[in-house]
Amino acid sequence: MPGDSWHAWIVNEELARIGVGGVPASLMVHGIGLPPILNWGTEAMQAEIAPPILRGEKWISLGISEPGGGSDVANLSTTAVRDGDHYIVTGSKTYITGGMRANWVSTAVRTGEAGAKGVSMLLIPTDAEGFSRTPLDRKMGWWASDTATLYFDQVRVPVSNLIGRENEGFRVIMTNFNNERMGMAAAMEAFGRVCLEESVAWATERSTFGKRLADHQVIRHKIAQMKQKLNATQAYIRLCYESIEAGTPNPGDIALLESASERGNGVLRA
Ligand SMILES: Cc1cc2nc3c(=O)[nH]c(=O)nc-3n(C[C@H](O)[C@H](O)[C@H](O)COP(=O)(O)OP(=O)(O)OC[C@H]3O[C@@H](n4cnc5c(N)ncnc54)[C@H](O)[C@@H]3O)c2cc1C
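Residues numbered from 1 in each chain as written. Predicted model: local features only at pLDDT ≥ 70, side-chain atom pairs only at ≥ 80, totals over all residues.

K.L.:
Please clarify how the overall build of the protein chain should be interpreted in this entry.
P.N.:
A tally of helices and strands in the protein chain yields 8 helices and 10 strands. Taken along the three principal axes of its C-alpha coordinates, the protein chain extends 80 × 45 × 35 Å. For the protein chain, buried positions account for 36% of its 270 residues. For the protein chain, the share of sequence-separated contacts (at least 6 apart) that also reach a separation of at least 24 residues comes to 73%. (Helix = DSSP H or I, 4+ residues; strand = E, 2+ residues; numbered from the N terminus. Buried ≥ 20, exposed ≤ 12 C-beta atoms within 10 Å, placed from the backbone. Contact = placed C-beta atoms within 7 Å.)

Rendered as structure tokens:
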């Protein structure tokens, strides 16, 4: 039975309960790298790529962000210039989760005019000549997840590796972001709930000024606020998943949800 959004939510929540972001990022990176292939790739591509990845034998990453910037996807500068039945790819990507071990990278490249209408998605095998990578070391967190900078030095990629149509990659990327944002929101809400549980446990264990922290009114108030904000985020997640399952996702709401969840559901400031 194929999974649906509710299964994805459960997986994200349960993995977040370990309280370490790098582990789910490392284990689930195919959740952002593979959907472009499943939703927009050719049947031949899907048959070759999906089975070994889903069996856990091979790895795929998503390569959108560049050293020059990540938010402004429409202005990415890695180029793929047509040369017969190949593209010649030149440029680099950074902050790529799972990038050091990936066998393939679903990569955003510029094939056309400036802006969103000149962007395509290309499946690039990491054993291609001209491809190299270096790890991002000295990270503040997510140590369990490798994060890489990728370099493309005139890498020849067959035109048949195009994911979707040429110059229509921006839509592929933005559609893919919906899924990623929901996963991030679900995980962040669950991480927030881990913080809540830890806070309650500490407040009942620790005593100051002759009584448990939990018996000081200001602490009780803070804990109540944490739960209130988490519940509101959880309800918003449910609303967005319901719209996805109904076939009417609202990308604006999904982006707002992720942004709200990123700010710690307000929990850390409660
Ligand atoms: C742990 C980690 C894993 C990652 N994994 C991947 C991955 O697997 N694949 C991938 O492609 N990328 C990945 N990224 C990159 C991530 O998507 C980018 O960091 C993100 O898109 C932001 O890009 P940037 O870091 O270049 O910041 P910039 O785009 O330079 O933005 C800098 C700051 O300016 C703000 N800003 C930007 N534009 C505006 C605006 N118009 N208005 C107001 N404020 C603005 C941003 O919010 C940010 O605070 C990862 C990043 C991290 C930290």
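Having seen the structure, we can now continue with the description.
K.L.:
When you look at the nonpolar core in this model, what are you seeing that I'm missing?
P.N.:
Looking at soluble globular proteins, one finds that nonpolar side chains tend to be buried together. The biggest cluster of nonpolar side chains holds 36 residues, and the ones touching the most others in it are V89, W104, A108, L122, I124 and I163. The set of elements that each furnish at least two residues to this core consists of α4 (35-40), β1 (60-63), β3 (86-97), β4 (104-110), β5 (119-125), β7 (147-158), β8 (162-163) and α6 (169-205). Not counting residues up to four positions away in its chain, the partners in contact with I163 are P36, I37, W40, G41, S106, M121, L122, L123 and V172. Of all hydrophobic cores here, the second largest spans 15 residues; its members include W9, A185, A186 and A187. (Core = buried A, V, L, I, M, F, W, Y, C linked by C-beta atoms within 7 Å.)

K.L.:
Just to check I follow, could you spell out the domain arrangement of the protein chain for this structure?
P.N.:
Put simply, an interface is often sized by how much accessible area is lost when its parts join up. The assigned domain composition of the protein chain is domain 1 (34-166) and domain 2 (172-269). Look at where the C-alpha atoms of domain 1 and domain 2 centre, and you get two points 32 Å apart. Taken together, the contact pairs 9 residues of domain 1 with 4 residues of domain 2. No other element matches α4, which puts 3 residues into the side of domain 1 that touches domain 2. Grouping the constituent residues of the side of domain 1 that touches domain 2 by class yields 8 nonpolar, 1 polar and no charged. (Domains from an automatic or database assignment. Nonpolar A, V, L, I, M, F, W, Y, C, P; charged D, E, K, R; others polar.)

K.L.:
Whenever I open this one, the environment of I10 confuses me. Can you help?
P.N.:
With respect to the helices and strands, the residue I10 is situated in helix α1 (residues 5-16). Expressed as a C-alpha distance, the spacing of I10 and V159, which sit 149 residues apart in the sequence, is 38 Å.

K.L.:
I keep staring at the site of the ligand and nothing clicks. Help me out?
P.N.:
Inspection of the region around the ligand gives 14 residues, with I64, S65, G70, S71 and T97 positioned closest. Elements with a contribution of two residues or more to the shell around the ligand: β1 and β3. Residue composition of the shell around the ligand, grouped by class: 5 nonpolar, 8 polar and 1 charged. (Near = placed C-beta within 6 Å.)

K.L.:
Explain the pairing of β4 here, please?
P.N.:
Along any regular strand, the residues point their side chains to alternate faces of the sheet. In terms of burial, β4 is a largely internal element, 7 of the 7 residues being buried. Bridge count between β4 and β5: 7 bridges; the pairing is antiparallel. Bridge pairing links A108 to M121 in β5. (Pairing = 2+ DSSP bridges.)

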